[in-house]
Amino acid sequence: MSRSQLVGAQAVISIPRRETSLQGRMEPKQEMARRVLTTSPIPMKTKLLHQIGLSLYNTSHGFHEEEVKRKLEQFPGGSVDLQKEDSGIGILTLNNPSKMNAFSGVMMLQLLEKVIELENWTEGKGLIVRGAKNTFSSGSDLNAVKELGTPEDGMAVCMFMQNTLTRFMRLPLISVALVQGRALGGGAEVTTACDFRLMTTESEIRFVHKEMGIIPSWGGTARLVEIIGSRQALKVLSGALKLDSKKALQIGVVEEVLQSSDETECLREAQEWLQQFIKGPPEVIRALKTSVSSGKELCVEEALQTERDLLGTVWGGPANLEAIARKGKFNK
């Protein structure tokens, strides 16, 4: 299978059906977009990968999700909490402060549940990922790591978390990781699944995998290379380059360093920072994010066809017609 999974159909599926017409004669937008997808020359595997919630791995790869879930259920502790604001911003909190918000097996399962919930949140536009009590996450809970000690166990959890974080990355929401305190190991990998990252002055991001005798396994390497390039990624992953807030800002890992160290104030600053990206109707913001994700993951031809299909979900829609009536075209 190619890497091409984006959600051209995601925006189509999530937007309510509405009869729309510039002159009263156009067919419903969802039907038009669906018809275009059906007759499109896009390869079948790409069309399938556009569907929401499709995983990277399945039984043909030796991945048996229900078996992995049963194993992960054996390691309780902490929670992954989701708060959905009326503003269209979701706040996803990694909550296991007694272990620096390390992921227990149950938290890994809950993360998948929250991603599925977000996939179906049609009013959502943005997402902030944070850790409880002024720290982001220290990665995997070592109790689970010790028990899941075989290469087969390691690869199974790897595929489970790659599935989850790839679905997270492809959400039609503009996302930002709010890094307070430390983001270590798997916690550092989670930050790379977000579109943007913000840090506080005293925070740090560290890929400590090499020190543990392994490599990143939740997709962090591929995503970090995408963010800063292979040379800088090699420096960071090898431990030669330490990512305090100043260095992370310098090499482009983060967008901004927040000045406050207070947990509540930092969250407020992050919400305010995210607002600049999500002004507008949800269907437009979501289509925009999906189009950008397509451009990142698909070949040019397929990305252009996805852009066309997404346009069919918003052209002549309420936001488009209102803007035309209000502004004519462009007002300076």
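Below you will find a few notes about this structure. (Residues numbered from 1 in each chain as written. Predicted model: local features only at pLDDT ≥ 70, side-chain atom pairs only at ≥ 80, totals over all residues. Heavy atoms only, no water.)

## Looking at the overall build of the protein
Inference 1: Scanning the protein from terminus to terminus reveals 15 helices and nine strands.
Inference 2: When the 332 residues of the protein are sorted by exposure, 50% land in the buried category.
Inference 3: Sequence separation of at least 24 residues holds for 73% of the intrachain contacts in the protein that already meet a minimum separation of 6.
Inference 4: For the protein, the accessible area works out to roughly 16200 Å², and carbon and sulfur atoms hold 54% of it. (Helix = DSSP H or I, 4+ residues; strand = E, 2+ residues; numbered from the N terminus. Buried < 20%, exposed > 50% of the residue type's maximum accessible area, 1.4 Å probe, protein only. Contact = heavy atoms within 4.5 Å. Areas by Shrake-Rupley, 256 points an atom, 1.4 Å probe, with all protein chains shown as cover.)

## Focus on helix H7 (residues 151-169)
Inference 1: Look at H7: 26 Å from first C-alpha to last across 19 residues, which is about the 27 Å you get at 1.5 Å a residue.
Inference 2: With 15 of 19 residues buried, H7 is to be regarded as a mostly interior element. (Expected span 1.5 Å × (residues − 1).)

## A short note on the sheet that holds strand E6 (residues 196-200)
Inference 1: Pairing within the open sheet is mixed, and its six strands lie in the order E1-E2-E3-E4-E6-E9. Both outer strands of the open sheet, strand E1 (79-84) and strand E9 (256-258), are each paired with one neighbouring strand and no more. Geometrically, the sheet is characterised by an average inter-axis angle of 25° between neighbouring strands, direction not taken into account.
Inference 2: Where strand E4 (residues 174-179) meets E6, four bridges bridge the pair, whose relative direction is parallel. Pairing of Ala177 across the sheet is with Arg197, part of E6.
Inference 3: On the sheet, helix H12 (residues 263-275) packs against strand E2 (89-95), strand E3 (126-131), E4, E6 and E9 and is oriented at approximately 155° with respect to E3. (Pairing = 2+ DSSP bridges. Axes fitted to C-alpha atoms, helices over the stretch in contact; angles between N-to-C directions.)

## What to know about the sheet that holds strand E8 (residues 243-244)
Working definition: the strands of a sheet are paired by backbone hydrogen bonds and lie parallel or antiparallel to each other.
Inference 1: Within the open sheet, the three strands sit side by side as E5-E7-E8. Their pairing is mixed. Looking at which strands have only one partner, the edges of the open sheet turn out to be strand E5 (182-184) and E8.
Inference 2: Both strand E7 (residues 204-206) and E8 contribute to a ladder of two bridges, which runs antiparallel. Note on E8: the bridge partner recorded for Ile205 is Leu243.

## Let's talk about the nonpolar core
Inference 1: Core analysis: the biggest nonpolar cluster contains 52 residues, and Phe160, Phe168 and Ile205 have the highest contact counts within it.
Inference 2: If we ignore the near neighbours within four places in the chain, the residues touching Ile205 are Val179, Ala183, Ala188, Thr191, Met199, Leu243, Val253 and Val254.
Inference 3: Within the second largest apolar cluster, 16 residues are counted, among which are Ile174, Cys266, Trp273 and Ile285. (Core = buried A, V, L, I, M, F, W, Y, C linked by side-chain atoms within 4.5 Å.)

## A short note on the pairing of E1
Inference 1: Where E1 meets E2, six bridges bridge the pair, whose relative direction is antiparallel. Within E2, the residue paired with Val80 across the bridge is Leu94.
Inference 2: The antiparallel hairpin formed by E1 and E2 contains four residues in its connecting segment, where Gly88 sits at a positive phi of about 90°.

## Regarding the pairing of E3
Inference 1: Counting buried residues along E3, six of its six residues qualify, which places the element largely inside the surrounding structure.
Inference 2: Every second residue of E3 is oriented toward a common face, with Gly126, Ile128 and Arg130 on one face and Leu127, Val129 and Gly131 on the other, all of them buried.
Inference 3: Taken together, the six bridges between E2 and E3 define a ladder with parallel strand orientation. Among the inter-strand pairings, Leu92 is bridged to a residue of E3, identified as Val129.
Inference 4: Between the parallel elements E2 and E3, the chain passes through helix H5 (residues 105-119) in a crossover that is right-handed.
Inference 5: Pairing of E3 with E4 involves four bridges; the strand directions are parallel. Residue pairing for E4: Gly126 is matched across the bridge by Ile174. (Right-handed = clockwise from strand over helix to strand, strands pointing away.)

## Concerning a nonpolar patch on the surface
Inference 1: Together, Leu142, Val145, Met212 and Ile214 make up an exposed nonpolar region whose accessible area comes to about 370 Å².
Inference 2: Summarising the element assignment, Met212 is placed in the loop between E7 and helix H9 (220-228). (Patch = residues over 30% accessible without salt bridge, like charges linked within 9 Å, V, L, I, M, F, W, Y side chains within 5 Å. Salt bridge = Lys/Arg side-chain N within 4 Å of Asp/Glu carboxyl O.)

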